[in-house]
Amino acid sequence: MSKQKYNKVSVIGGAGHIGLPLSCFMQNNGFEVVVIDNNLKSLNLLKQNILTFYEKDLEINLKQALGDGLVLTNDLEKISETEIVIVTIGTSSNKEHLELFKNLMNDVLEKISKESLLILRSTITLEDIELIQSNNNFINKNIKLAYCPERIAEGEAFNELKKLPQIVGTEIEEVYEVTKDIFKNLKIKTISTTINDAIFTKLFTNSYRHANFSLANEFYNIAVENNIDFERIRELATIDYPRLKNFPFTGYVGGPCLPKDLETFIKSYNVEDSLLNHLEEVNDKFLNNIVQRCNKIFDEKKLILLGLSFKVDSDDIRGSGSIELYRKLKKEGFEIFPVDPLVNQEEIDFELFEFSQASKKTNNILIAVDHKNFKEFDLKDKKVFYVEI
């Protein structure tokens, strides 16, 4: 395995939230990168330096990468021309996802060059690894396998790619050394472990974060049931008290990673009758409590719902708790005027409004996701209720 030859990279799923920042980062740091993705619309826009989602500093990094020769294609055959293949498309415990991932990996291993380094980046399971390692092409082509889980917060990719250490799961020391050198060229520190431990770490991390956020929601639920103002309790408990300085805000536990990884963790490690098995119930109850608060606070069943993405200042609606709240409010009989200038109408199956339109409909405001640009809205004489406190 010659170390110096590992410079040509293909990134499968490279037009997505995980793949594109990584592709640009590697291209801009001396690698020759091919983005491979089956979303032709996204590829055509990206070739024109038109972003398809928000990520801080992505536009300037994409422009530089394109100028330096970044290739964008939907042709999977291109992986045969590279020595490093990075797969940023993950799986879960869902049978359909497992089958799609299995088919993808079969195609990859059929087309990949001999002795290539295969890096898996997204959520996977031990079952996925076993399927890959038992594949005849994997064995006959002497493919080198590393699991390098992505742990980056959406919106902070270019900052955290440089700052966070990279866990590298391998079964062979030689494979770790080659993988370490790749990240070393990117000035990224690596931590060596087994593939098994890397998988557990990825799933544990997101399950822990899920549990941490959910615990705040559970205390909120208990407070509501006992007619206690949890916002006031939070204030009392945290004023000049350092041991609660990291206590999370109540709110949604959603997005593209946390719920999926929690479910995968539970099913992968046969977790039964655990706190983890009840977290989704806690968060569903939290949303139901928000609906009931709306019934009490607002004097009519009309409201403007501000924010639809899964987190603040994002345009990503995958796993959005705000959209789930919207559906619960509709079921309760509310007339809702959703406003989110960051979200594309094409991605939503209900009508979006401009705030100037919606503000003529009602004075009731539910701030579901508190984007910074909402500070520009005139909320004077409006009745305002915040979901996340």
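Now for a look at the structure at hand.

Rules of the game
- Residues numbered from 1 in each chain as written.
- Predicted model: local features only at pLDDT ≥ 70, side-chain atom pairs only at ≥ 80, totals over all residues.
- Heavy atoms only, no water.
- Helix = DSSP H or I, 4+ residues; strand = E, 2+ residues; numbered from the N terminus.
- Rg over C-alpha atoms; globule rule 2.2 N^0.38 Å.
- Buried < 20%, exposed > 50% of the residue type's maximum accessible area, 1.4 Å probe, protein only.
- Contact = heavy atoms within 4.5 Å.
- Areas by Shrake-Rupley, 256 points an atom, 1.4 Å probe, with all protein chains shown as cover.
- Polar contact = N/O pair within 3.5 Å; in protein donor to acceptor, adjacent residues only side chain to side chain.
- Axes fitted to C-alpha atoms, helices over the stretch in contact; angles between N-to-C directions.
- Parallel < 35°, antiparallel > 145°, perpendicular 65-115°, else oblique.
- Left-handed = near helix turned anticlockwise from the far one by under 90°.
- Nonpolar A, V, L, I, M, F, W, Y, C, P; charged D, E, K, R; others polar.
- Phe/Tyr/Trp six-rings, centres within 6.5 Å; stacked < 30°, edge-to-face > 60°.
- Lys NZ or Arg CZ within 6 Å of the ring centre and 35° of its normal.
- Pairing = 2+ DSSP bridges.
- Right-handed = clockwise from strand over helix to strand, strands pointing away.
- 1 Å grid on protein atoms, 1.4 Å probe; cavity = no way out; pocket = protein on both sides within 12 Å on 5 of 7 lines; lining within 4 Å.
- Points joined across faces, edges and corners; volume = space filled by probe spheres on them.

**Section: the overall build of the protein chain**
Part 1 of the argument: In terms of regular secondary structure, the protein chain is built from 14 helices and 12 strands.
Part 2 of the argument: For 389 residues, the compact-globule formula gives about 21 Å, and the C-alpha radius of gyration of the protein chain, at 23 Å, lands near that figure.
Part 3 of the argument: Dimensions along the principal axes, computed over C-alpha positions, put the protein chain at roughly 70 × 50 × 40 Å.
Part 4 of the argument: Here the protein chain, with 389 residues, has 49% of them falling under the buried criterion.
Part 5 of the argument: Nonlocal contacts in the protein chain, meaning residues at least 24 apart in sequence, comprise 73% of its contacts between residues at least 6 apart.
Part 6 of the argument: Accessible area for the protein chain stands at about 19400 Å²; split by element, carbon and sulfur atoms hold 49% of it.

**Side note on helix α13 (residues 321-331)**
Part 1 of the argument: Three or more residues of α13 are buried, namely Gly 321, Ser 322, Ile 323, Leu 325, Tyr 326, Lys 328 and Leu 329.
Part 2 of the argument: Looking at the buried side of α13, the elements it contacts are α12 (279-297), β9 (302-306), β10 (335-339) and β11 (364-367).
Part 3 of the argument: Here α13 starts with a cap whose side-chain oxygen sits 3.2 Å from the backbone nitrogen of Ser 322, and that cap is Ser 320.
Part 4 of the argument: Backbone geometry just after α13 places Gly 333 at a positive phi near 100 degrees.

**Quick look at the side chain of Thr 264**
Part 1 of the argument: Within the secondary structure, Thr 264 is located in helix α11 (residues 258-268).
Part 2 of the argument: A polar atom in the side chain of Thr 264 sits 2.8 Å from the backbone oxygen of Lys 260.
Part 3 of the argument: Discounting chain neighbours no more than four positions away, the residues touching Thr 264 are Ser 92, Ser 93, Thr 123, Thr 125 and Leu 203.

**Concerning helix α10 (residues 230-238)**
Part 1 of the argument: Its side-chain oxygen placed 3.1 Å from the backbone nitrogen of Glu 231, Asp 229 serves as the N-cap of α10.
Part 2 of the argument: Following α10 by one or two positions, Asp 240 has its phi on the positive side, about 55 degrees.

**Side note on the packing of α12 against α13**
Part 1 of the argument: For the pair α12 and α13, interaxial distance at closest approach is 10 Å and the crossing angle is 50 degrees. In terms of axis orientation, α12 runs oblique to α13. The chirality of how α12 crosses α13 is right-handed. On α13, the residues touching Asp 284, Leu 287, Asn 288, Ile 290, Val 291 and Cys 294 of α12 are Gly 321, Glu 324, Leu 325, Lys 328 and Leu 329.

**Here's the deal with the packing of helix α1 (residues 19-27) against helix α3 (residues 58-67)**
Part 1 of the argument: The N-to-C vectors of α1 and α3 enclose an angle of 50 degrees; their axes lie 9 Å apart at closest approach. By the angle class used here, α1 and α3 are oblique. In this structure, α1 crosses over α3, and the sense of that crossing is left-handed. Counting all contacts with α1, which are made through Leu 20, Cys 24 and Gln 27, the residues of α3 involved are Leu 58, Asn 61, Leu 62 and Ala 65.
Part 2 of the argument: Looking at the contact of α1 with α3, its residues break down into 5 nonpolar, 2 polar and no charged.

**Quick word on the packing of aromatic side chains**
Part 1 of the argument: Tallied over the entire structure, the rule returns 10 aromatic pairs.
Part 2 of the argument: Measuring from ring centre to ring centre gives 4.9 Å for Phe 200 and Tyr 269, while their planes differ by 65 degrees; the resulting arrangement is edge-to-face. Taken as a pair, Phe 200 in helix α9 (residues 195-225) and Tyr 269 in the loop between α11 and α12 lie far apart in primary sequence, 69 residues in all.
Part 3 of the argument: Since its relative accessible area comes to 36%, Phe 200 is described here as partly exposed.
Part 4 of the argument: The class for Tyr 269 is partly exposed, based on a relative accessible area of 24%.
Part 5 of the argument: Judged by centre distance (4.3 Å) and plane angle (5 degrees), the rings of Phe 355 and Phe 377 are stacked. Pair noted here: Phe 355 is in helix α14 (residues 355-358) and Phe 377 is in the loop between β11 and β12 (383-386), with a separation of 22 residues, a long-range link. In this pair, the class of Phe 355 matches that of Phe 377, namely buried.
Part 6 of the argument: Here the basic side chain of Arg 234 rests over the ring of Phe 249, its NZ or CZ set 4.2 Å away from the ring centre.

**Notes on the pairing of strand β2 (residues 32-36)**
Part 1 of the argument: Across the 5 residues that make up β2, a large majority, 4, are buried.
Part 2 of the argument: In terms of strand pairing, strand β1 (residues 8-12) meets β2 through 5 bridges, oriented parallel. Each residue of the ladder has a partner; that of Val 9, found in β2, is Val 33.
Part 3 of the argument: Once the chain exits β1 it traverses α1 before rejoining the sheet at β2, and the crossover so formed is right-handed.
Part 4 of the argument: Summarising the sheet, β2 and strand β3 (residues 71-73) pair through 3 bridges and their orientation is parallel. Looking at β3, one finds that Val 35 is bridged to Leu 72.

**Brief notes about the layout of surface pockets**
Any empty space left between atoms is shown by rolling a water-sized probe over those atoms.
Part 1 of the argument: In this structure, the second largest pocket spans a volume of roughly 570 Å³.
Part 2 of the argument: Lining the second largest pocket we find 20 residues, and of these Ser 42, Thr 52, Phe 53, Asp 315 and Glu 347 sit closest to its centre.
Part 3 of the argument: Across the lining of the second largest pocket, the residue classes break down as 8 nonpolar, 6 polar and 6 charged.

Structural measurements only, silent on function.
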